Amino acid sequence: MSTNAFTTRRDFLKGSAAATGALVIGFTLPVSSRFAQAAAAAMPGQATGFAPNAFLRIAPDGQVTVICGLSEMGQGVHMGIASLVAEELDADWKSVKLEQAPVDKAYNNPLFGMQATGGSTAIRGHYEPMRMAGAAAREMLVAAAAGKWGVDAAACRTQEGRVMGPDGKSAGYGELVAAASKLPVPQNPSLKDPRDFRILGKGLTRIDTPAKVDGSAGFGIDVQLPGLLTAVMVHAPVPGATIVSVDDAAAKAIPGVKQVVQIPQGVAVLAEGYWIALKGRDALVVKWDDGPLGSLSSADISKLLHEATKKPGAVARNEGDVSVAVAKTVEAVYEAPYLAHACMEPMNCTAWVSAGKAEVWAPTQAPGPNQGIVAQLTGLPPEKVQVHTTYLGGGFGRRFAPDFIIASTLISKAAGVPVKLVYTREDDMRAWFYRPASVTRFTAGLDAAGNPVSLTARVASPALSIAAGFTKELPKGVDEFAIEGIGDMLYAFPNLRVEYAQAEPGVPLWFWRSVGHSQNVYFIEAFIDEVAAAAGKDPVEFRRSLLSKQPRLRGVLDLAAQKAGWGSPLPQGVHRGVAITNCFGSFVAQVAEVSMDASGKPRVHRIVAAVDCGRTVNPDVIHRQVEGAIVYGLSAALHEKITFQNGRVEQSNFNDYPMLRMDEMPRVEVHIVPSTEAPGGIGEPGLPPATPAVVNAIFAATGKRVRTLPI
Amino acid sequence: MISLSINGKTVQLSATPDTPLLWALRDELGYTGTKFGCGISVCGACTVHVDGKPIRACVTTIEAVAGKQVTTIEAMDANRIGQALQAAWIRNDVPQCGYCQSGQIMSAAALLAQNPKPNDTDIDEAMRRTLCRCGTYNRIRAAIKDAAATLGA
């Protein structure tokens, strides 16, 4: 990842309209002879396949294959990309299948400048490019038909995989591929009026579902190759720890253990299959020098962050003057813990480094950057490195990291055989890629009438942009990830100051679904609720009064309140809380209904969400992404934290890092605001409001504020 | 050599007797539909049926199931309940990443075999030990009820 990629993402978030315009201007349809060859290879004896660009090909039998460079990790991106192409192609949806792309510049995510999936960018970045790919092919097929019939192209139309001409003339796309592939590719195909969409905006079922109900879907961990050995590793117990000694005699004595390989990241035992490799790994005796982080403890980290909020920080936002006189002051300090991603599929990668060539099969969000990384590790030119992206058993940001690809590549290089490295669940939990902990100190001022006058937020947190290698120095001393959700909040306080106090405990950090919003929206939305209570105002009305110039955010707030019946009676003991967010180009409000059981534990009964994510590509996918994001957020709020003692991670598996289960699952309603705005992201925006909506409902139920997570 | 029946086919396993069924299925036999999630019987991703009962393949040795009938997700289309569940899973578009779904369907199949008309509490009890990180629980619940309805029809 480069600073440039970071800038691209940030710039986009600042102005989606401008960025969308730039995409269209910058977009060209890559016509690649390699794809024509691939198309031909896939259809032996029929070198008449049609591959007008890198994103689709059509076989003489009418089969449409959409080629997708984005990683399918459950968010439905295969479905999304295929439907964008199919819409403008006017394909018969039943004849569309999807193929995962190799690494090629053609598949770079326009919002990242590299081939990678994340940041809720897939639809935002590909909404027009993929439609143009389909539209270009459609124009060529129409031209081919018009030529064949000797009629004007304008007299032809398309419908479900066929071109219709005058006088009842009709030809299937498959019949036209030979002629179409001889035509020039239009560089500026015209796109449909969204009113004419018949695939986009409808709730078509996902194309990856059948393979995911019969066990045939291929995840990274399922990769099989002749001569493949499985590797299980001893990983460094503390970041920065170095190996002092390795005794592998007992491991090597286990029948079936083939090799023991030491790499900088640890020591791997290779065997035919996981079980023997695990037994071998467990028999290794590795002594480590812990290094400087050997005394890391969660108590110290918490103290460090709290202390940092007591001194002035770098100014991220300053409007008016927060030292203005006020009648009443509200103060609170909020804290959120480190979190693991805990994807259901543990990290794994299969690598085969051989003479002059390397191949990796990986459940990765970042095949593009990893091609370069593997090239560097092996000394091969990037074109000699193939990265095969499998299905991902969950991503959530974790699979943007290259650790499992680096380690498997180094092991295969040393062992000289194809190697599938599999992390045990404990390895995965303790791999040191965590959502940063954060502490925020708020002060709000009200006038005598209870009107909000000022707000000061001081965020103390380590800098993710440095930890992830985006930058070495923080621009103006501010880590944007640490403050996002507070620094860019839309509430109109006349006097507002947001400060960032960098505090670095040394724990490695990573992107976790919705990144800084995951903790900051909890902080600000719980605190706004405190300010509303201090002002004696209803939480929804108080928010509305600060959002008079934010129609989209106020729109979702009003819709969620209306659908949840805000203000209407609830069953005895059930209480409501509300929270809102604007992030990743979308707007979300949620109302939670919560009761407390006899032991004082919250029970979340229902969450009503309202979403404005611009034009919808697939409402069913939106429902699911929002519901899934709510579960991910709620799971963290109720159960999850990563803690440290003596430099070690204290959690190890799902027994001591519990996650939300079926019997705790609330009913979830998702309401979509109809919109003609540019599409916003949808994988992440549903997450941030879930926690504050629940803690605000807990306040309504108990009068107690939850200022530390998990609840 | 340990002999057992997988999806109606008798197989001889060369793995050591202490090998968990999960790894014999995946690494020796190539039945990769059964997934590894935790290795300590707390996530349910590896759920298979042994003589019709749901078990966690990650902590069940092949020695313990010698001579028994093992059924995996790959054979669920061969019985009425499995077919109904797979169809309901598709109708309700349940999976997101899909990694846990083999275990979910195996757990649901065991439930429906015991209880053809489960209520919400029955579903919670039968399914609460099978984790889904993507948050498909409500769709799983709907799909189980949908499958139960088609089986009862």
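Everything numeric in this text was worked out from a predicted model, so none of it was measured.

Enquirer: Would you take a moment to explain the overall build of chain B for this structure?
Expert: Scanning chain B from N- to C-terminus turns up 5 helices and 5 strands. Along chain B, helices and strands appear, N-terminal first, in the series β-β-α-β-β-β-α-α-α-α. A compact globule built from 153 residues would reach a C-alpha radius of gyration of about 15 Å, and chain B, at 15 Å, matches this within 12%. Relative to its 153 residues, chain B shows a buried fraction of 59%. Long-range pairs, those at least 24 residues apart, make up 58% of the contacts in chain B with a sequence separation of at least 6. Looking at chain B as shown, the accessible area adds up to about 5,400 Å², and 52% of this sits on carbon and sulfur atoms. Charge centroids of chain B, computed over 15 positive and 13 negative side chains, lie 5 Å from each other.

Enquirer: Would you mind going over unusual backbone geometry with me for this structure?
Expert: Peptide bonds are mostly trans, and most non-glycine residues show a negative phi. Residues and elements named next belong to chain A. A cis amide bond links leucine 709 with the next residue in sequence, proline 710, at an omega value of -5 degrees. A positive phi angle is found at aspartate 167, which is not glycine, with a value near 60 degrees. The residue aspartate 167 is located in the loop between strand 6 (162-164) and strand 7 (170-172) in this model. With a phi close to 50 degrees, alanine 342 is a non-glycine residue in the positive phi region. Considering the arrangement of structural elements, one finds alanine 342 in the loop between strand 14 (328-336) and strand 15 (348-354). Residue class for alanine 342 comes out buried when judged on its relative accessible area of 2%.

Enquirer: How do you make sense of the environment of lysine 148 of chain A when you look at a structure like this?
Expert: Residue and element names in this part refer to chain A. Along the chain, the position of lysine 148 falls in helix 5 (residues 122-149). Note: C-alpha distance between lysine 148 and alanine 179 (31 residues apart in sequence) is 8.4 Å. Aside from chain neighbours lying at most four places away, what touches lysine 148 is Glu175 and Leu176.

Enquirer: Honestly, the domain arrangement of chain A in this entry has me stumped. Any pointers?
Expert: Much of the literature gives interface size as the accessible area that the parts lose upon coming together. Residue and element names in this part refer to chain A. Per the domain assignment, the segments of chain A are domain 1 (3-211), domain 2 (220-291 + 347-422) and domain 3 (298-337 + 434-702). Facing the 14 residues of domain 1 at the interface are 15 residues of domain 2. Both faces combined, the contact of domain 1 with domain 2 buries some 1,100 Å², and carbon together with sulfur accounts for 63% of it. Considering only the surface of domain 1 that becomes buried against domain 2, Ser71, Met73 and Val103 emerge as the three largest contributors, covering 43% of it. A breakdown of the residues in the side of domain 1 that touches domain 2 according to their chemical character gives 6 nonpolar, 6 polar and 2 charged.

Enquirer: Even after reading the chapter, I still don't get the pairing of strand 4 (residues 96-100) of chain A, so can you show me in this structure?
Expert: Walk down a regular strand and you will see the side chains alternate between the two sheet faces. Of the pairings in the sheet, the one linking strand 3 (residues 64-68) of chain A to strand 4 of chain A comprises 5 bridges and is parallel in character. Across the sheet, the residue bridging to isoleucine 67 of chain A is glutamate 99 of chain A, located in strand 4 of chain A.

Enquirer: Would you take a moment to explain the interface of chain B and chain A for this structure?
Expert: Listed by partner, the interface residues are 46 residues for chain B and 60 residues for chain A. Buried surface at the junction of chain B and chain A, both sides included, amounts to about 4,400 Å², of which 57% is carbon and sulfur. Between chain B and chain A we count 7 salt bridges in total. Here lysine 279 of chain A ties to aspartate 18 of chain B by a salt bridge, and the two come within 2.8 Å at their closest N and O atoms. At the boundary of chain B with chain A, the tally comes to 27 residue pairs in polar contact (both at pLDDT 80 or more). Going through the elements one at a time, helix 1 (21-28), helix 2 (80-91), helix 3 (101-114), helix 4 (120-127) and helix 5 (137-152) of chain B are the ones with two or more residues in the side of chain B that touches chain A. It is helix 5 of chain B that contributes the most residues to the side of chain B that touches chain A, 5 residues altogether.

Enquirer: Teacher, can you tell me more about the pattern of salt bridges here?
Expert: Close approach of charged atoms allows side chains with opposite charge to pair. Residue and element names in this part refer to chain A. The full count for this structure, using the stated rule, is 48 salt bridges over all chains. The shortest N-O distance in the salt bridge between glutamate 72 and arginine 206 comes to 3.2 Å. With glutamate 72 in the loop between strand 3 and helix 4 (77-89) and arginine 206 in the loop between helix 6 (173-180) and helix 7 (209-213), this residue pair connects regions lying 134 residues apart in the sequence. Taken individually, glutamate 72 and arginine 206 each receive the classification buried, so the pair is uniform in this respect. Between arginine 281 and aspartate 427 there is a salt bridge, with its nearest N and O atoms 3.1 Å apart. Placement of arginine 281 in helix 9 (residues 274-283) and of aspartate 427 in helix 13 (residues 425-429) is noted, with a sequence separation of 146 residues between them. Here the salt bridges do not stand alone but share partners, grouping Glu72, Arg206, Asp208 and Lys212 into one network.

Enquirer: Is there a simple way to think about the sheet that holds strand 4 (residues 53-56) of chain B in this case?
Expert: Strand pairing in a sheet relies on backbone hydrogen bonds. The paired strands run either parallel or antiparallel. All names here are of chain B. Strands sit in the order 2-1-5-3-4 across an open sheet of 5 strands; the sheet is mixed. Both edges of this open sheet fall to strand 2 (9-13) and strand 4, since each of them pairs with a single strand only. Put simply, the sheet's adjacent strands are angled 40 degrees from each other on average, direction ignored. One ladder, built from 2 bridges, connects strand 3 (residues 47-50) with strand 5 (residues 69-71); its direction is antiparallel. Bridge assignment links valine 50 to a residue of strand 5, and that residue is valine 70. Against the sheet, helix 3 contacts strand 3, strand 4 and strand 5, and its axis sits at roughly 40 degrees relative to strand 3.

Enquirer: Please clarify how the sheet that holds strand 23 (residues 586-596) of chain A should be interpreted in this entry.
Expert: All names here are of chain A. Taken in spatial order, the 4 strands make up an open sheet running 22-23-24-27, and their pairing is mixed. Edge positions in the sheet fall to strand 22 (575-583) and strand 27 (667-672), since each of these pairs with one other strand and no more. Neighbouring strand axes in the sheet, compared pairwise and without regard to direction, differ in orientation by 15 degrees on average. Here strand 22 runs beside strand 23; their pairing, made up of 9 bridges, is antiparallel. Looking at strand 23, one finds that isoleucine 580 is bridged to alanine 589. The strands touched by helix 20 (residues 690-702) within the sheet are strand 22, strand 23 and strand 24 (602-612), with strand 22 carrying the most contacts at an inclination of about 155 degrees.

Enquirer: Any chance you could explain the side chain of glutamine 651 of chain A here in plain terms?
Expert: Residue and element names in this part refer to chain A. Position of glutamine 651 relative to the elements: it lies in the loop between strand 26 (648-649) and strand 27. You can call glutamine 651 buried: its relative accessible area is 7%. From its side chain, glutamine 651 meets the backbone nitrogen of threonine 643 in a polar contact 2.8 Å long. Once residues lying within four places of it in the same chain are set aside, the contact partners of glutamine 651 are Met429, Arg430, Lys641, Ile642, Thr643, Asp656 and Tyr657.

Rules of the game
- Residues numbered from 1 in each chain as written.
- Chains lettered and ligands numbered in written order.
- Predicted model: local features only at pLDDT ≥ 70, side-chain atom pairs only at ≥ 80, totals over all residues.
- Heavy atoms only, no water.
- Helix = DSSP H or I, 4+ residues; strand = E, 2+ residues; numbered from the N terminus.
- Rg over C-alpha atoms; globule rule 2.2 N^0.38 Å.
- Buried < 20%, exposed > 50% of the residue type's maximum accessible area, 1.4 Å probe, protein only.
- Contact = heavy atoms within 4.5 Å.
- Areas by Shrake-Rupley, 256 points an atom, 1.4 Å probe, with all protein chains shown as cover.
- Lys, Arg positive; Asp, Glu negative; His and termini not counted.
- Charge placed at Lys NZ, Arg CZ, Asp CG, Glu CD.
- Domains from an automatic or database assignment.
- Buried area = accessible area lost by both parts, 1.4 Å probe.
- Nonpolar A, V, L, I, M, F, W, Y, C, P; charged D, E, K, R; others polar.
- Pairing = 2+ DSSP bridges.
- Salt bridge = Lys/Arg side-chain N within 4 Å of Asp/Glu carboxyl O.
- Polar contact = N/O pair within 3.5 Å; in protein donor to acceptor, adjacent residues only side chain to side chain.
- Axes fitted to C-alpha atoms, helices over the stretch in contact; angles between N-to-C directions.

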